[in-house]
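Residue-level listing of the chains:
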Amino acid sequence: MRSEDRVKSGAVVLPQSSILDPRSSAMSHTLFISDLHLGAGHPRSLAAFQRFIATLAPQAEALYILGDLFEYWAGDDHRHDPFHARVINALHELAARGIKIYLMHGNRDLLMGAELAQAAGATLLADPTLLDLYGAPTLLSHGDKLCTGDIEYQKFRAQVHSPEFQKNFLAQPLAARKAYIEQLRQQSTSAKQNKDSAIMDVNDDAVAALLREYRYPRLIHGHTHRPDRHEHVVDGHRCERWVLSDWDQQASALRCDAQGCAAVSF
Ligand code: MN
């Protein structure tokens, strides 16, 4: 019995040793990033993003950007800003190499539209989106909608997501839109300082309800800047929840393949 066990455990080691095989880096995989907050005045983040696009991203078959790619997005005419143009060009070059790019709205860039997507060679995604990721049902979301403890924010979110609000807002000149958002951001920064950090995280009941609605998938989201892997047991189903990192201190992505997911820093 003992020697059989050893044979069995030896067999288990095989997939790990295959990691040393240089060909395994070419194994089909998908990358997920969010909360880069790219904007003028943050040249380091742009450099990290350009490095990511040149090195790590081309090895993946797809790149999913789950919101807050930009510090803020005032409308698709904002794409002509020279800083934004560099971000868009980097994405377009990646798309031209055959990597599929998907863009989900965050709370900062919820006005990203079809013109930006086309310029970047990307496809816009609804929030949430359910994906078959190498056989594992995987639900993607920005994550802000799950922060139901922050009632003030959810009220604001409902307002800015209304089509009428967006239509009226986008009818204003770009300069006025930018000034309005800048002012909102200052208010939000000071409001955050007075908020309990618990209400700015996702709410467990909201997570459970979402997992139940989508029949217990794996969940990947960003927004909270609390990168981690969690497990939720919902109706007896064990679901993993990956929270993506922001890029403020360290650039990081989540890499998923048929074996599972892992965070990669670079
Ligand atoms: Mn966010």
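Computed from a prediction, not measured in an experiment: that's the story for all the values here. (Residues numbered from 1 in each chain as written. Predicted model: local features only at pLDDT ≥ 70, side-chain atom pairs only at ≥ 80, totals over all residues.)

1. A word on the sheet that holds strand S2 (residues 62–66)
Strands sit in the order S4-S3-S2-S1-S10-S11 across an open sheet of six strands; the sheet is mixed. Across the chains shown, the open sheet's two edge strands, defined by having one partner strand only, are strand S4 (122–125) and strand S11 (260–265). The sheet shows a mean angle of 25 degrees between the axes of neighbouring strands, direction not considered. Bridge analysis of strand S10 (residues 252–257) against S11 gives six bridges, and the strand direction is antiparallel. Residue pairing in the sheet places arginine 255 in a bridge with alanine 262 of S11. In this fold helix H3 (residues 82–96) packs onto S2, strand S3 (100–104) and S4, with an angle of close to 140 degrees to the strand it touches most, S3. (Pairing = 2+ DSSP bridges. Helix = DSSP H or I, 4+ residues; strand = E, 2+ residues; numbered from the N terminus. Axes fitted to C-alpha atoms, helices over the stretch in contact; angles between N-to-C directions. Contact = placed C-beta atoms within 7 Å.)

2. A short note on the pairing of strand S5 (residues 129–133)
Two elements, S5 and strand S6 (residues 136–141), share five bridges in a ladder whose sense is antiparallel. Paired with threonine 129 across the two strands is leucine 140, which belongs to S6. Linkage of S5 to S6, two consecutive antiparallel strands, is achieved through a turn of two residues, within which tyrosine 134 is found at a positive phi near 50 degrees.

3. Digging into the packing of helix H2 (residues 43–54) against H3
Packing of H2 against H3 brings their axes to within 10 Å, and their N-to-C directions diverge by 10 degrees. Here H2 is positioned roughly parallel relative to H3, judged by the angle of their axes. Between H2, through Leu46, Phe49, Gln50 and Ile53, and H3, the contact on the second element is made entirely by Phe83, Arg86, Val87, Ala90 and Leu94. (Parallel < 35°, antiparallel > 145°, perpendicular 65-115°, else oblique.)

4. Let's talk about H2
With twelve residues, H2 extends 16 Å from end C-alpha to end C-alpha; this agrees with the ideal 16 Å at 1.5 Å per step. Inspection of H2 places Phe49, Phe52 and Ile53 among the buried residues, and these make up the whole buried set. Down the axis of H2, the sector holding all buried residues measures 95 degrees, keeping them to one side. Away from its buried face, by an angle of more than 90 degrees, H2 presents the exposed residues Pro43, Arg44, Ala47 and Ala54. Lining the buried residues of H2 we find H3 and S10. (Expected span 1.5 Å × (residues − 1). Buried ≥ 20, exposed ≤ 12 C-beta atoms within 10 Å, placed from the backbone. Arc of directions from axis to C-beta.)

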